[in-house]
Amino acid sequence: MINRKDIIALLLCLVVGFTLRFYTFDRKSLWEDEIYTFNDSRYGLKDQIKFYRGNPSYLHPPGFFLLTHLFYPFTKPERDLRIFPLIFGILSIPQFYFLAKSFSPAIALPSTLSLAFMTYHISLSQEGRSYSLLMFLGTAGLYLFMKHLKTNKKRYLVLVALLFAALLHASYSSIPFIILSQILWFCEPTNASSKGRSSSFLILNGLLLLFCLPWLLFIVSNYAGQPLMGPFQARVPISFWDTLYGVFNDWVPHFPLTIVAVILLIFFPIFSRFKKNATALLLVFFVPIIGLNLYCQLFKVGHFITSRYFVGFMPLFLITLYLCLDEIESKFAGLKRFVRLRFLFAFLFIASNLVILPHYYRSEKQDFRGLVNYLKDQLRPGDKLLDLEVEYVPGILHYFGVYPEDRQYTAAFRKFSDDEFELRTPFVYRNKEYMIYSSKNCCDRYIADGNRLWVVAGIATAKKIKENPRYVLKGYFDGSFLNLNRFPTDASMYLFLLDPQSPGEKGIDLPIE
């Protein structure tokens, strides 16, 4: 039961969480991955099935896209694509309270307060991707899973299987969560019986297989050796320590708090009165990171791994930290006369997030809208565009109002050498045809005809080309708070003009740091 005091506190958490997530949720430009969501979500069920029949190895299942399609034709994509992530991000707050309380009533409020103010989770709730949905479904599934462990009632397993199956249909990145969260079978809640665990395990996974089997059979029956990664998708080295550091960096911001979190996890099995439960919770956190890294290395998957892919485990991560603090308070009861460690950590956690939260609201994730609005006023017939990062074209075309005829944009490909290739994408704006080139190499071949070239670059590339006085810096478009390989990642874009007819043209005086 929840007492009146806790109800008031939970409602306060919900109001705060709603306010922080609703504020400015539809104001930021769509960033690169949201552009893909826009294109994937244009199709209804019939067209989705047709697409996956020919592309069964596509990296994302259709569940989230079908959900977002309900707002098609997206009169305001910055709002429409983010409505469901916003809703599920807000609903995750009370759901997390009940999950935390199922582990210990003492940690429910400080844990929920931490999530309500967590800038990382606010960002996911304001993003047209599936991550806040995944966390909500995972948290609800874990709560019902814990209810089964405490009561042995089989009806909870049906609901858990349904929620886990929904996770699979929403994102394949949830597969590690579906499998490895079941380490919690080894937990022993207070006054709970472990009798019948084997049969319950078989029932849950049998139901899960039953609910997922139609989609899995559809994928397998249509698979004919299609590659898992696109031919031009960047390959990056996978490192366990880099991934682990990224998770701590994103979930417990600022180095001092990160160190405290690491220390708490190390000492949790030592201070815990329930060693088996403590070990299970630690395994649930570490094993997915190890397992996903091994999978990527074994199958030579070079896509970078970020904390977003473990978002289903984040509630258990926070719960583990607060359980450790609760165990320390129980072991050293005299501490309570001076300080409550749970609420001290919650205060520090909230403070660390409040430091970065105003900057998050002021910043863009990736300002394609600002970039294109500037270009619309500057383009002349004959101008060309060059994307030096080979990833900006979808965002640029989207805000020019040019949508792909098929699922995603296509481009003509030309290879100059083993290390040099070029993608060419034509588009029409105001009845004039322009060309966007995507290449890592710049730039003389594009100005041989005497026409101007607009060059778009990220921060690292921009630093290099700014040293050449021929490249005139014309614009800076903020992207300092993107949740990419780290939270935040600086994905700001810089726009240069290369004009062979006016080599002395002035640009803006802006340091690139």
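In what follows, the structure referred to is the one given above.
This report concerns the structure included in the present document. This is a predicted model, so every value here is computed, not measured.

Overview of the packing of aromatic side chains
So, point 1. In this structure the tally under the stated criterion is 45 aromatic pairs.
So, point 2. Where Y97 meets F98, the ring centres are 5.4 Å apart and the plane angle is 85°; that geometry is what we call edge-to-face.
So, point 3. Taking relative accessible area as the criterion, Y97 reaches 0% and is therefore assigned buried.
So, point 4. With relative accessibility at 30%, the residue F98 sits in the partly exposed group.
So, point 5. Ring centres of F345 and F349 lie 6.3 Å apart, and the angle between their planes is 35°; this geometry places the pair in the tilted category. Highlighted residues: F345 and F349, both in helix α17 (residues 341-362), separated by four residues, approximately one helical turn.
So, point 6. We classify F349 as buried; its relative accessible area is 0%.
So, point 7. An aromatic cluster is defined as three or more aromatic residues linked by ring pairs; in this entry it consists of Y23, Y120, Y360, Y361, F481 and F487.
So, point 8. Taking NZ or CZ as reference, R155 lies 5.2 Å from the ring centre of Y156, over its face.
So, point 9. A cation over a ring is seen here: R407 above F51, with NZ or CZ 4.1 Å from the ring centre.

Re the side chain of T320
So, point 1. Among the structural elements, T320 can be located in helix α16 (residues 314-331).
So, point 2. A relative accessible area of 3% means that T320 is categorised as buried.
So, point 3. Setting aside its immediate chain neighbours within four residues, T320 contacts L265, F268, L281 and L282.

Here's the deal with the state of the cysteines
So, point 1. Scanning the entire structure with this criterion turns up one disulfide.
So, point 2. The thiol of C187 is unpaired, and the distance to the nearest cysteine sulfur, on C324, comes to 15 Å.
So, point 3. On the basis of relative accessibility, which here comes to 2%, the residue C187 falls in the buried class.
So, point 4. Residue classification places C324 among the buried residues on the basis of a relative accessible area of 0%.

Observations regarding the sheet that holds strand β4 (residues 432-438)
So, point 1. If you walk across this open sheet you meet the seven strands as β2-β3-β4-β1-β5-β7-β6, and the pairing is mixed. Every other strand in the sheet has two partners, leaving β2 (412-417) and β6 (472-477) as the edge strands with one partner each. Shown here is a sheet whose adjacent strand axes are inclined to one another by a mean of 25°, direction ignored.
So, point 2. Here helix α18 (residues 368-378) sits on the sheet in contact with β1 (384-387), β3 (420-429), β5 (453-457), β6 and β7 (493-498), set at roughly 20° to β7.

Examining the pairing of β2
So, point 1. As defined by bridge partners, β2 adjoins β3 across five bridges and the pair is classed as antiparallel. Bridge assignment links K415 to a residue of β3, and that residue is F421.
So, point 2. Taking the residues between adjacent antiparallel strands as the criterion, β2 and β3 are bridged by two residues.

Observations regarding a nonpolar patch on the surface
So, point 1. A cluster of nonpolar residues, F255, I259, I263, I266, F267 and I270, forms a patch on the protein surface that exposes about 580 Å² of accessible area.
So, point 2. Topologically, I263 is positioned in helix α14 (residues 255-271).
So, point 3. Residue classification places I263 among the partly exposed positions, given a relative accessible area of 40%.

Here's the deal with the nonpolar core
So, point 1. Judged by nonpolar contacts, the single largest core of 109 residues is most densely connected at W251, F285 and F317.
So, point 2. Of all the elements, helix α9 (residues 131-151) adds the most residues to this core, at 12 residues.
So, point 3. Once residues lying within four places of it in the same chain are set aside, the contact partners of F317 are F248, W251, V252, L265 and F285.
So, point 4. By size, the runner-up hydrophobic cluster in this structure holds 28 residues, among which are L379, F427, L495 and L497.

The rules behind each value
Residues numbered from 1 in each chain as written. Predicted model: local features only at pLDDT ≥ 70, side-chain atom pairs only at ≥ 80, totals over all residues. Heavy atoms only, no water. Phe/Tyr/Trp six-rings, centres within 6.5 Å; stacked < 30°, edge-to-face > 60°. Buried < 20%, exposed > 50% of the residue type's maximum accessible area, 1.4 Å probe, protein only. Helix = DSSP H or I, 4+ residues; strand = E, 2+ residues; numbered from the N terminus. Lys NZ or Arg CZ within 6 Å of the ring centre and 35° of its normal. Contact = heavy atoms within 4.5 Å. Disulfide = S-S within 2.5 Å. Pairing = 2+ DSSP bridges. Axes fitted to C-alpha atoms, helices over the stretch in contact; angles between N-to-C directions. Patch = residues over 30% accessible without salt bridge, like charges linked within 9 Å, V, L, I, M, F, W, Y side chains within 5 Å. Areas by Shrake-Rupley, 256 points an atom, 1.4 Å probe, with all protein chains shown as cover. Salt bridge = Lys/Arg side-chain N within 4 Å of Asp/Glu carboxyl O. Core = buried A, V, L, I, M, F, W, Y, C linked by side-chain atoms within 4.5 Å.

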